[in-house]
Amino acid sequence: GCPAPKVVKNHEGSAMLKNPENAYRVLKALVAAVDMPVTVKMRIGWDDQHINIMEMAQLAQEAGVAAIAIHGRTREQFYRDQADWGIIGKVRASLRIPVIANGDVRNVQDLAKIRQVTGCEAVMVGRAAQGNPWIFRQLTEYLKTGAVLPGPTIEERKEVIIRHLDMLLKFKGDYIGPREMRKHATWYTKGIKGSAELRCLFNQAVCRDDFLRILDKMK
Ligand SMILES: Cc1cc2nc3c(=O)[nH]c(=O)nc-3n(C[C@H](O)[C@H](O)[C@H](O)COP(=O)(O)O)c2cc1C
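Quick look at the structure, then.

Conventions used here
Residues numbered from 1 in each chain as written. Predicted model: local features only at pLDDT ≥ 70, side-chain atom pairs only at ≥ 80, totals over all residues. Heavy atoms only, no water. Near = heavy atom within 4 Å. Polar contact = N/O pair within 3.5 Å; in protein donor to acceptor, adjacent residues only side chain to side chain. Areas by Shrake-Rupley, 256 points an atom, 1.4 Å probe, with all protein chains shown as cover. Pairing = 2+ DSSP bridges. Helix = DSSP H or I, 4+ residues; strand = E, 2+ residues; numbered from the N terminus. Axes fitted to C-alpha atoms, helices over the stretch in contact; angles between N-to-C directions. Contact = heavy atoms within 4.5 Å. Salt bridge = Lys/Arg side-chain N within 4 Å of Asp/Glu carboxyl O. Buried < 20%, exposed > 50% of the residue type's maximum accessible area, 1.4 Å probe, protein only. Right-handed = clockwise from strand over helix to strand, strands pointing away. Arc of directions from axis to C-beta.

1. Side note on the site of the ligand
For step 1, the next point in the chain: Surrounding the ligand, one finds Lys-41, His-71, Tyr-79, Asn-102, Gly-103, Asp-104, Val-125, Gly-126, Arg-127 and Gln-130.
For step 2, the next point in the chain: One of the side-chain nitrogen or oxygen atoms of Lys-41 is found 2.7 Å away from an oxygen atom of the ligand.
For step 3, the next point in the chain: A distance of 2.5 Å separates an oxygen atom of the ligand from a polar side-chain atom of Asn-102.
For step 4, the next point in the chain: Considered on its own, the ligand offers 610 Å² of accessible surface; in the complex 58% of this is hidden by protein.

Given below as structure tokens:
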């Protein structure tokens, strides 16, 4: 599925859609080599002239994979346009193994719609979880009870920012860590009062204390 130039240049990621036979061989070898279920994720084709998800998914099933996640875009689309949920539904209907629907699910309404359009029980969420990990409790609660939970409180946001920051500091160190945290902190505070000002402040933060001082301003 990965569309990044450095990946496809190496015939990996979504470039594998260009060579279905090779993808089949890779999947078959992988399934044979490990003792756990193998799942695969793919886009619907290389470009709109080469949409081959039906064939690719069939081959993956034949290769013995346990489930397939489908992002309803071509490689050439990157993240443009709407994901094509209709084709995900067609693939699902043609397979015995489960299909996990992916692309453009941002809230409970999208979840309900993609499940209805595709007939898939399982859904995968990507970008909407950036800065909003609470989406998963909202989606699961909605599936369980139909209730739409409120978003996170300010306190919950602060807690997660600090936890994320501490993990990044540990993982990436004192220079990269705070710098990488800037965008995440901005995402975690998107839509709250004063978010534009917070964004400016986060973008200047260079250490843990800077973040804590900024969080103190969040009311
Ligand atoms: C920052 C970022 C990193 C991603 N990394 C991966 C990855 O490692 N493997 C993968 O299969 N998809 C990856 N994706 C793609 C997502 O899993 C997903 O297919 C795509 O974002 C469409 O779903 P969405 O509309 O819910 O974001 C990544 C997406 C983003 C934005």
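2. As for the sheet that holds strand β1 (residues 39-45)
For step 1, the next point in the chain: Across the sheet, which stays open at both edges, the four strands sit in the order β1-β2-β3-β4 with parallel pairing between neighbours. In this open sheet, the two edge strands, each paired with only one partner strand, are β1 and β4 (122-124). With strand direction ignored, the average angle separating the axes of adjacent strands in the sheet is 30°.
For step 2, the next point in the chain: Two strands pair when backbone bridges link them, and β1 and strand β2 (residues 67-74) are joined in this way by six bridges, in the parallel orientation. Along β2, the bridge assignment pairs Val-40 with Ile-68.
For step 3, the next point in the chain: Along the sheet, helix α3 (residues 53-62) makes contact with β1 and β2, crossing β1 at roughly 165°.

3. Remarks on the pattern of salt bridges
For step 1, the next point in the chain: All told, the structure shown has nine salt bridges when counted by the stated rule.
For step 2, the next point in the chain: Put simply, Arg-106 and Asp-110 hold a salt bridge, and the shortest N to O gap is 3.7 Å.

4. Brief notes about the pairing of β1
For step 1, the next point in the chain: The element β1 is extensively covered by neighbouring structure, given that five of its seven residues are classed as buried.
For step 2, the next point in the chain: Of the crossover connections in this fold, the one passing from β1 over α3 to the parallel β2 is right-handed.

5. Comments concerning helix α5 (residues 108-118)
For step 1, the next point in the chain: All of the buried residues in α5 are Val-108, Asp-110, Leu-111, Ile-114 and Thr-118. Down the axis of α5, the sector holding all buried residues measures 155°, keeping them to one side. Set apart from the buried face of α5 by more than 90 degrees, the exposed residues are Gln-109 and Gln-116.
For step 2, the next point in the chain: Looking at the buried residues of α5, the elements they touch are α4 (85-94), β3 (99-102), β4 and α6 (135-145).
For step 3, the next point in the chain: Of the residues flanking the start of α5, the one acting as N-cap is Asn-107, its side-chain oxygen 3.1 Å from the backbone nitrogen of Gln-109.
For step 4, the next point in the chain: Just past α5, the residue Gly-119 takes up positive phi, approximately 75°.

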